[in-house]
Amino acid sequence: MINPFGAMYLRPGNLWKSFAVKRLRTEMVNGYAVDSYADTGIYVTGVLAEATANQSDMRKHLWDQDQHSLTHTLVAVGKVGLKKGDFLTVGERTFLVLLVDDVGALGIANLVYLEERNDVK
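Here the structure is a predicted model, which means the values were calculated and not measured.

Caption draft 1: A look at the pattern of salt bridges. All chains considered together, the criterion is met by five salt bridges. Between lysine 79 and aspartate 102 there is a salt bridge, with its nearest N and O atoms 4.0 Å apart. Of this pair, lysine 79 sits in the loop between β3 (72-77) and β4 (87-90) while aspartate 102 sits in strand β5 (residues 93-102), placing them 23 residues apart in sequence. With relative accessibility at 26%, the residue aspartate 102 sits in the partly exposed group. Here arginine 93 ties to glutamate 116 by a salt bridge, and the two come within 3.0 Å at their closest N and O atoms. Of this pair, arginine 93 sits in strand β5 while glutamate 116 is found in strand β6 (residues 109-117), placing the two residues 23 residues apart along the sequence. Look at arginine 93 and you get partly exposed, because its relative accessible area is 34%.

Caption draft 2: Region of interest: the side chain of glutamate 115. With respect to the secondary-structure elements, glutamate 115 resides in strand β6. In this structure glutamate 115 is buried but unpaired, with arginine 117 as the nearest side chain of opposite charge at 4.1 Å. Glutamate 115 has contacts with Ser69, Thr71, Thr94, Phe95, Leu96 and Leu98, leaving out every residue within four places of it along the chain.

Caption draft 3: Quick look at the confidence of the model for the protein chain. Mean pLDDT over the protein chain stands at 79; residues scoring 70 or higher make up 74%. Averaged pLDDT values over the elements of the protein chain bottom out at 61 in helix α1 (residues 53-59) and peak at 92 in β4.

Caption draft 4: Spotlight on the packing of aromatic side chains. With the rule as written, the count across this model stands at two aromatic pairs. Here the aromatic rings of phenylalanine 19 and phenylalanine 95 are separated by 6.2 Å at their centres, their planes lie at 75 degrees, and the arrangement is edge-to-face. In this pair, phenylalanine 19 sits in strand β1 (residues 16-29) while phenylalanine 95 sits in strand β5, placing the two residues 76 residues apart along the sequence. In this structure, phenylalanine 19 and phenylalanine 95 share a single accessibility class: buried. Ring geometry for tyrosine 37 and phenylalanine 87: centres 4.6 Å apart, planes at 85 degrees, overall edge-to-face. One end of the pair, tyrosine 37, is in strand β2 (residues 32-50); the other, phenylalanine 87, is in strand β4, and 50 residues separate them in sequence. On the basis of relative accessible area, phenylalanine 87 is assigned to the buried category, the value being 6%.

Caption draft 5: How the structure looks around the pairing of β3. Direction of pairing for β2 relative to β3: antiparallel, over a ladder of five bridges. By the bridge assignment, glutamate 50 is partnered in β3 with histidine 72. Where β3 meets β6, six bridges bridge the pair, whose relative direction is antiparallel. Across the sheet, residue leucine 74 finds its bridge partner in β6, namely valine 112.

Caption draft 6: Highlighting the nonpolar core. Phe19, Val21, Val44, Leu74, Ala76, Val80, Leu82, Leu88, Phe95, Val97, Val112 and Leu114 form the largest nonpolar core, which has twelve residues in total. When residues of this core are traced back to their parent elements, those giving at least two are β1, β3, β5 and β6. Beyond its immediate stretch of four places on either side in the chain, leucine 74 contacts Phe19, Val44, Gly46, Val47, Leu48, Leu88, Asn110, Leu111, Val112 and Leu114. Ala51, Phe87, Leu96 and Tyr113 belong to the second-largest nonpolar core, a separate cluster that totals six residues.

Cut-off values and rules
- Residues numbered from 1 in each chain as written.
- Predicted model: local features only at pLDDT ≥ 70, side-chain atom pairs only at ≥ 80, totals over all residues.
- Heavy atoms only, no water.
- Salt bridge = Lys/Arg side-chain N within 4 Å of Asp/Glu carboxyl O.
- Helix = DSSP H or I, 4+ residues; strand = E, 2+ residues; numbered from the N terminus.
- Buried < 20%, exposed > 50% of the residue type's maximum accessible area, 1.4 Å probe, protein only.
- Lys, Arg positive; Asp, Glu negative; His and termini not counted.
- Contact = heavy atoms within 4.5 Å.
- pLDDT = per-residue confidence, 0-100.
- Phe/Tyr/Trp six-rings, centres within 6.5 Å; stacked < 30°, edge-to-face > 60°.
- Pairing = 2+ DSSP bridges.
- Core = buried A, V, L, I, M, F, W, Y, C linked by side-chain atoms within 4.5 Å.

If you want it as structure tokens, here you go:
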């Protein structure tokens, strides 16, 4: 819906997305370890936003490097149960979890720092 003033109107709830969580699983096949990502059945609901260069600069000390591939942030409500290295998928998009920050350590909201991956489906 577009309002008469030219700006787009989003109703509350349009920003919320549901992400499927995939976690790394290691199996032994013929004596060799084979890594694969398996669907956990867990869904995380939150609001996805692109990370600004300022946010990337503020967080680069966490990874001990000058630049980092932080591309998006996800604000999720409640305990999410995500770990570093998990993949979140929504539609045709896939995101790698870089860091999960429990804001205020109260379990009310979490900031999840993500890297969008185009090479993984």
